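# Tertiary structure, described
Take a look at the letters that make up each chain.
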Amino acid sequence: MAAIVTAENVTKVYQLGKTEVHALRGVSLEVHGGEFLAIAGPSGSGKTTLLNLVGCVDVPTAGSVQVDGQDTRTLSERALTDLRLHKIGFIFQTFNLVSVLSVFQNVEFPLLLQGGLLAAERRRRVGELLEAVGLGDHARHRPSELSGGQRQRVAVARALVTRPPLVLADEPTANLDSQTGGAIVDLMRDMNRRDGTTFIFSTHDPRVMSHASAVVRIEDGRVTAREAAGPAAGGS
Amino acid sequence: MASGVPTRWRQAGILLQIAFRNLFASRAKTFIVGGIILFGAVLVVVGSSLVDSIDVGMERSIQGSLGGHVQVYDARSRDELALYGGMMGESDLRPVEDFARLKALLLAIPGVRAVVPMGIDQAMVSIGNLFDQALERLRADVRRRLAAPAPPQEDPEYEAHKAHVRRMAQLLEQELLGARAIADMSAAVNRERADAFRDLQRVVLDPFWEELDRDPLPALELLENRIAPLALDGGFTFVRYAGTDLDAFQQAFPGMEIVEGTTVPRGRRGILLARLYAEDWLKLKTARRLDKIKEARDLLHRRIAGDEELQRWVKENQAQTRDIMLQLDPRRATEAVRRLQRALGSRETDLLRLVVELLATDDANFDERHRIFYRELAPLLQLYMVKVGDVITIKAPTKSGYMSSVNVPVYGFVQFKGLERSGLAGVTSLMDMTSFRDLYGYLTADKAEEIRRIQERSGARAIPRDQAEEALFGGGGSVVEAGKARAFDEGRLLAGGGGRRREDLFSRVYSQDEIDRGVALNAAVILEDPGRISQAIRDIEAMSAREGLHLKAVSWSKASGLVGQTRSLLRLVLYTAVLIIFAVALVIINNAMVMATLQRVKEIGTMRAIGAQRRFVLVMVLVETVAVGIAFGAAGAALGAGVVWLVGARGGIPATNDTMYFLFSGPSLVPRLGTVSLGVSLAIVLLVSMVSAFYPALIAMRVTPVEAMQTDE
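Predicted model only: the values in this text are computed from it and were never measured. (Residues numbered from 1 in each chain as written. Chains lettered and ligands numbered in written order. Predicted model: local features only at pLDDT ≥ 70, side-chain atom pairs only at ≥ 80, totals over all residues.)

### Some points on the overall build of chain B
Per the secondary structure count, chain B includes 30 helices and 12 strands. Across the 713 residues that make up chain B, the buried fraction comes to 37%. A fraction of 81% describes how many contacts in chain B between residues 6 or more apart in sequence connect residues 24 or more apart. (Helix = DSSP H or I, 4+ residues; strand = E, 2+ residues; numbered from the N terminus. Buried ≥ 20, exposed ≤ 12 C-beta atoms within 10 Å, placed from the backbone. Contact = placed C-beta atoms within 7 Å.)

Put into structure tokens, the structure is as follows:
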């Protein structure tokens, strides 16, 4: 299967006041469609930075990141946003639901940004996804009425609703207890298997890593290892 | 994409939904921001409705009274034209010498409907005293009796007038007695007083009046020369008048209303006294004070009890009964006693005590007493010192310094719609142009004719100054010779109309040409279309330049001086208040929205991460603020409209003093809700909320999707 993400010798330097923070120091990575890839490493190792670059919310200082065949450094802010909207789903550590919208509306939101679907089609798709994540009867709830695990399920549904080839999850289980976190990883894994969606998630939880099809280890801004773990949907 | 449209609507829908839910989620902020906007909108709607109504009313009043649309006067005048007078009295205008020519030139300008000449100034009006008036009536009787072959035996009118003068003399005697008791006067003054007093004592006794019957003239002379000066009332007042072409004036100014009497017949001399001037200066003071108390009670709900001013008026009414007492001749005095006894249910027989009792008013009996005064007593009195048909003497210093005076018949009393009670703009009387020119020493058609005749008869001719020397001392000596040659017949000159008699002057009808030819101080220009004032001013000034005249044309608003400035001042106050309110609103809304935006950085970052464009975020924040703006602005406008409607439905805002009466152009201001003021208020509110949302929206737009990833919060 073709690579959906290709990072070549990527460097990212942040300017933090007068000091330069070298978050990534020459990372190269190739992710293939259907992978369920974990990026592991201690805090401050550069996991999130790498995810940001792959997720097109940031561009590298040097080197190149290609997502779905497009070099992110050559794209305008607008094009990057468009790329995110159509090709990438996001799952955040802190869930990041829009608090004033209902569960249904949160999931529907990316579809509305995309445009192009009729209301009935949107309803059907959102409904199906909510069923799939086990929140079929919570559609009208507000995020504040849900537990952490439920919120993250909504976030998963939101990430998948546009049927993106790639979903990024930044420490999706860090704010959940281990049981709930495990369930979320199972859910993501199910989706990965069902639709062949590529998942890249950062974590430092060994049990989560054990579900991954491959684990990329990062330390101090460098990839130290890439090891195949459990079986992935498209990777096997 | 065929299905794109519904999605876009849905996107707008979700924007609105996010906006409204955000607003609801932070209620406190929303209500603070909304409250300010609401208040601002109410202020704009109510304030501009009020100011608009005042403006429209004053515009109508001023345009319809003296202002017209444009005023024209000589640009070389020392002062600017102030139709209603300025701080320093009347403006010093350089006269326009040939009004007829000005009129023709102005009327030739397209869109000019009428041109009315004016000359506004102040003058003194002599008001005869009551004793003089009573004496005048007696004198007329005596003349009538002397002219008759045999005086009638029964002459009740003569007897009544005699009795009246005698009664006045008695009242004067009592007054003088009182004065002598308290005054400590020098010997000389005392001697003079003693003489006067001796005369008075003679006059009040029967023999004097029997002598009047036998030989009236010496007795009348004594009354006139010795007694009348002792009655100190009367004197003069100042009248502000506009000399004008009265016919043209009446056609041009629809605000002019005759409240009593008639207009001055076409081309005649005459004056229409301002009703307000008559009320304030010519009305019996007692009646005037009763009016004022009634108004204060009815309109302002003031009460005599606890109101020092009203109590003072009541006291003055009880103390100053002299005018009433002097006016009532014995016959009427008896009638007054009878009426007052009945109305007051009193057995008192002394008129003075009855009058004092009538005027001893308090809150309980005031309305009743006011009614009794006007129903029972007033018909026996002359309420105004001047009445329709009287001829009054008006005096003023001419521009060359000497006093000039004219007699003008009073044809009626006049007021101007909307300015009925304005002490500033409602006191202008209207006089014919010819009398005005007489009073001002300007050359009238009559005087020009007179001078022409004198020149002709005396053989004098006008010689320009630069040729005078030559004419006097040069060769022929023609001037002196000619003067000797012709006989100077003064008698014939006088008979020829040089000193026209009063009756002649009053019955003479002046032609339009005579009225137009001569000076005017300014001219009111009435336009076909009041909307084209500035165009007309440009046209007039262009004409002036072309014709070599030095004309200045100003709008009615500018010409109305202080009065016009009041309008601008009101508007300025309103705009300033609105400006301040909205400046504060701007800061507060901006602040609140910045805070709200900073609180939502993560949410906005999330939206950006999952694919929302910057524009979406920008619009989202704008929509939020503008939604508050529209919602509360509309509510405020509706509330303001409700207030305006309610005020209108309850009869408007009552004018509680003359200034307000003037501003309101009437007894109350019924504010009219203008669609313009509604629209403007909504536009302002929208603008303010957009502007105040702009900065927070920029902040929101700059939020990067990376912010969504931050976990350290």
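Back to the write-up after that little detour.
### Points about the confidence of the model for chain A
Mean pLDDT for chain A: 89, with 96% of residues reaching 70 or above. When the criterion is pLDDT under 50, residues 231–236 of chain A qualifies, and its contacts beyond four places in sequence or with other chains add up to 21 contacts. (pLDDT = per-residue confidence, 0-100.)

### Some points on the environment of aspartate 52 of chain B
All names here are of chain B. Of note, aspartate 52 is situated in helix 2 (residues 27–67). Judged by the 18 C-beta atoms lying within 10 Å of it, aspartate 52 falls in the partly exposed class. Along the backbone, aspartate 52 and arginine 571 are 519 residues apart, and their C-alpha atoms lie at a distance of 8.7 Å. Contacts of aspartate 52, omitting those with residues within four sequence positions, involve Gly674 and Ser677.

### With respect to the pairing of strand 10 (residues 222–228) of chain A
Residue and element names in this part refer to chain A. As paired elements, strand 9 (residues 214–219) and strand 10 share six bridges and run antiparallel to each other. Looking across to strand 10, one finds that isoleucine 218 is bridged to valine 223. Here strand 9 hands over to strand 10 after two residues, with aspartate 220 in that stretch at a positive phi of 50°. (Pairing = 2+ DSSP bridges.)

### What to know about the sheet that holds strand 3 (residues 36–40) of chain A
All names here are of chain A. Within the open sheet, the six strands sit side by side as 6-7-8-3-9-10. Their pairing is mixed. In this open sheet, the two strands that pair with only one neighbour each are strand 6 (88–91) and strand 10. Going from strand to strand, the sheet's axes swing by 20° on average, the running direction of each strand aside. (Axes fitted to C-alpha atoms, helices over the stretch in contact; angles between N-to-C directions.)

### Details of the interface of chain A and chain B
Accessible area lost upon the coming together of the parts is a frequently used measure of interface size. Of the residues lining the interface, 27 residues belong to chain A; the matching set on chain B comes to 26 residues. Secondary structure elements with two or more residues in the side of chain A that touches chain B: helix 1 (47–54), helix 2 (77–87) and helix 3 (103–114) of chain A.

### Some details on the packing of helix 5 (residues 148–160) of chain A against helix 6 (residues 178–195) of chain A
Residue and element names in this part refer to chain A. Packing of helix 5 against helix 6 leaves a shortest axis separation of 10 Å and a crossing angle of 20°. Judged on the interaxial angle alone, helix 6 and helix 5 are roughly parallel. When you trace helix 5 past helix 6, the crossing you get is right-handed. In this structure, helix 5 uses Gly148, Gly149, Gln152, Arg153, Val156 and Leu160 to contact helix 6, whose residues at the interface are Thr180, Ala183, Ile184, Leu187, Met188 and Met191. Looking at the contact of helix 5 with helix 6 residue by residue, the class counts come to seven nonpolar, four polar and one charged. (Parallel < 35°, antiparallel > 145°, perpendicular 65-115°, else oblique. Left-handed = near helix turned anticlockwise from the far one by under 90°. Nonpolar A, V, L, I, M, F, W, Y, C, P; charged D, E, K, R; others polar.)

### Details of the sheet that holds strand 2 (residues 19–32) of chain A
All names here are of chain A. An order of 2-1-4-5 is seen for the four strands of this open sheet, with the pairing classed as antiparallel. Because the sheet does not close on itself, it has two edges, and the strands there are strand 2 and strand 5 (70–71). When strand 4 (residues 62–67) meets strand 5, the two strands line up antiparallel, connected through two bridges. In the sheet register, valine 67 faces strand 5, and the bridge partner there is glutamine 70.

### Describing the environment of glutamate 257 of chain B
All names here are of chain B. Note on placement: glutamate 257 falls in strand 4 (residues 256–261). Accessibility expressed as a C-beta count within 10 Å gives 14 for glutamate 257, which makes it partly exposed. Not counting residues within four places of it along the chain, the set of residues in contact with glutamate 257 comprises Val414, Gln415 and Lys417.

### Considering the nonpolar core
Judged by nonpolar contacts, the single largest core of 210 residues is most densely connected at Leu37, Val54 and Val156 of chain A together with Val70, Leu273, Ala523 and Val525 of chain B. At 14 residues, the largest contribution of residues to this core is made by helix 2 of chain B. Discounting chain neighbours no more than four positions away, the residues touching leucine 37 of chain A are Val31, Phe199, Ile200, Ala212, Ser213, Ala214 and Val216 of chain A. (Core = buried A, V, L, I, M, F, W, Y, C linked by C-beta atoms within 7 Å.)

### Thoughts on the pairing of strand 8 (residues 198–203) of chain A
Residues and elements named next belong to chain A. Burial analysis of strand 8 places six of its six residues in the buried class, the great majority of the element. Burial along strand 8 is two-sided: Thr198, Ile200 and Ser202 and Phe199, Phe201 and Thr203, pointing in opposite directions, are all buried. Two strands pair when backbone bridges link them, and strand 3 and strand 8 are joined in this way by five bridges, in the parallel orientation. Within the sheet, the bridge partner assigned to isoleucine 39 lies in strand 8 and is serine 202. As for the winding sense of the linkage, the β-α-β connection from strand 7 (residues 166–170) through helix 6 to strand 8 is right-handed. (Right-handed = clockwise from strand over helix to strand, strands pointing away.)

### Thoughts on the packing of helix 28 (residues 614–649) of chain B against helix 30 (residues 675–702) of chain B
For any two helices packed against each other, one specifies the inter-axial angle together with the distance between the axes. Residue and element names in this part refer to chain B. The interhelical angle for the contact between helix 28 and helix 30, taken along N-to-C directions, is 155°, at an axis separation of 8 Å. Compared by their axis directions, helix 28 and helix 30 come out roughly antiparallel. As for how helix 28 packs across helix 30, the hand of that crossing is right-handed.

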